[in-house]
Amino acid sequence: PAPDLFLYAAATMDFPPEHCIVVGDTYVDMEAAKKAGMYCVGVTYGEHRSPNDAAHLRAAGANVITGTIKEVLTAIENFAKNRPAPSWPAAAAAL
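Residues numbered from 1 in each chain as written. Predicted model: local features only at pLDDT ≥ 70, side-chain atom pairs only at ≥ 80, totals over all residues. Heavy atoms only, no water.

## Some details on the environment of proline 1
Within the secondary structure, proline 1 is located in the segment before α1 (4-12). Residue proline 1 is classed as partly exposed on the basis of its relative accessible area of 36%. Sequence separation of proline 1 and valine 28 is 27 residues, and the distance between their C-alpha atoms is 5.9 Å. Apart from the residues within four sequence positions on either side, proline 1 is in contact with Val28, Glu31, Ala32 and Lys35. (Helix = DSSP H or I, 4+ residues; strand = E, 2+ residues; numbered from the N terminus. Buried < 20%, exposed > 50% of the residue type's maximum accessible area, 1.4 Å probe, protein only. Contact = heavy atoms within 4.5 Å.)

## Quick look at unusual backbone geometry
At aspartate 14, a position not held by glycine, the phi torsion is positive, near 60 degrees. The topology assignment puts aspartate 14 in the loop between α1 and β1 (21-24). For aspartate 14, a relative accessible area of 35% puts it in the partly exposed group.

Right, dumping it as structure tokens:
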């Protein structure tokens, strides 16, 4: 999977990839995000899930596996706490 879409989104917002999070439910999401250098949150809830989803997401590079939206929010908070604050010129200018 190509990381182009994730890299484009980061560049459009003027964020370095290492300060970005991808939340996804497929191995394709995780592989593309890893190639982009982004933090990967795998989700195992929702429609059409299987018992092996967590293993597949982890094998594809997920940094953390979540089973609920609350766990996704916790993963995002933990990511933010452990990263240095980036400079956000374009994002700040857009506000």
